[in-house]
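Fold and geometry: a report
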Amino acid sequence: MSFPLLLAVWQALAMVLAHRLFPTPLAVGSEIVDLAQNANLLPDLGKTLFRAGAAFLCAMALGTALGICLGRLPALDRLLSSWLLVGLNLPAIVVAIVLYIWLGLTEIALISAVVINKLPLVAATIREGVRGFSADYDELGRAMRWSFTRRLRLIFVPQLVPFILAAARTGLSLIWKIVLVFEVLGSDGGVGYRVSLMFQFFDITGILAYTTAFILVVLCFEYAVLRPVERRVLRWRPAPI
């Protein structure tokens, strides 16, 4: 075989491989539209968002309550601080595998695994926020003889809200990723589950399409929900110079 023919074959193979392994943005966009219209993109996104949302709400509620208790009760903090450290460093994959073995490949197992991995981070963040409460404001509330409800609304909550938002943002960024990993391990649907199937067929276009759609949903949630809520609840704080 002559050199020009070999070169032509090589260039053809390079073009095929480049097209297969590095699809253009237009190809990915077309794949998103096709998957949304003719496949399971929207149901898969719905399943993943439901799992992430349920785990997020449970972890935030339980972690906030635990963090407040740890910040206000030093004896309880000394008792549970080591366990909190263990929870912060426990590999997420181990928690998922153990719960899948105990509870089976169920929604409860997946959501519980995400909550267990997210809860220590929320509790630690809220604990530090409670520890940083200003004693001067507490004295002001007692001097003014405010009721507990009034002190909670005017003193405690405004000081705690920035830490709740920080825990929500950092925790949510972890939850998105953890849910996808757990779906790859075992589930009956969702973005992670579908990406694992496409990986078996080396469908890079489909993988990028699902990834792009998921990222767009995350960005919409960030700019349409989190940031407006953050601006509203922190409007009392002075604007940075």
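Criteria and thresholds
- Residues numbered from 1 in each chain as written.
- Predicted model: local features only at pLDDT ≥ 70, side-chain atom pairs only at ≥ 80, totals over all residues.
- Heavy atoms only, no water.
- Helix = DSSP H or I, 4+ residues; strand = E, 2+ residues; numbered from the N terminus.
- Buried < 20%, exposed > 50% of the residue type's maximum accessible area, 1.4 Å probe, protein only.
- Contact = heavy atoms within 4.5 Å.
- Areas by Shrake-Rupley, 256 points an atom, 1.4 Å probe, with all protein chains shown as cover.
- Phe/Tyr/Trp six-rings, centres within 6.5 Å; stacked < 30°, edge-to-face > 60°.
- Core = buried A, V, L, I, M, F, W, Y, C linked by side-chain atoms within 4.5 Å.
- Salt bridge = Lys/Arg side-chain N within 4 Å of Asp/Glu carboxyl O.
- pLDDT = per-residue confidence, 0-100.

A closer look at the overall build of the protein chain
Helices and strands together make up the secondary structure of the protein chain, namely 10 helices and zero strands. Starting at the N terminus, the α and β elements of the protein chain follow one another as α-α-α-α-α-α-α-α-α-α. For the protein chain, the residues scored as buried account for 36% of the 241 residues in total. Long-range pairs, those at least 24 residues apart, make up 77% of the contacts in the protein chain between residues at least 6 apart in sequence. Accessible surface, the protein chain as shown: approximately 14,800 Å² in total, 72% of it carbon and sulfur.

Concerning the packing of aromatic side chains
Inspection of every chain in the model, using the stated rule, returns three aromatic pairs. With centroids separated by 5.6 Å and ring planes inclined at 85°, the aromatic side chains of W176 and F214 adopt a geometry described as edge-to-face. Note that W176 is positioned in helix α8 (residues 148-185) and F214 in helix α10 (residues 204-233), a separation of 38 residues in sequence. Exposure class is identical for W176 and F214. Each is buried. Given a relative accessible area of 11%, W176 falls into the buried group.

A closer look at the nonpolar core
Counting 46 residues, the largest nonpolar core has L41, V114, F182, V191 and Y210 as the members making the most contacts within it. Counting only elements with at least two residues in this core, the list comes to α2 (25-38), α3 (41-72), α5 (92-103), α6 (107-131), α8, α9 (191-200) and α10. Sequence-distant contacts of V191, that is, excluding residues within four places in its chain, are made with D44, L45, T48, L180, E183, Y210 and F214.

Examining the environment of E31
Checked against the element boundaries, E31 lands in helix α2. The sequence separation of E31 and L208 amounts to 177 residues, and the corresponding C-alpha distance is 9.0 Å. Beyond its immediate stretch of four places on either side in the chain, E31 contacts T205, G206 and A209.

Some points on the pattern of salt bridges
Applying the stated rule across the entire model yields nine salt bridges. Between E128 and R127 there is a salt bridge, and its shortest N-O distance comes to 3.4 Å. Salt bridges linked by common partners bring D77, R127, E128 and R131 together as one network.

Let's talk about the confidence of the model for the protein chain
For the protein chain, per-residue confidence averages 82 on the pLDDT scale, and 88% of positions sit at 70 or higher. Per-element confidence in the protein chain is highest for α3, whose mean pLDDT is 91, and lowest for helix α1 (residues 3-21), whose mean pLDDT is 56.

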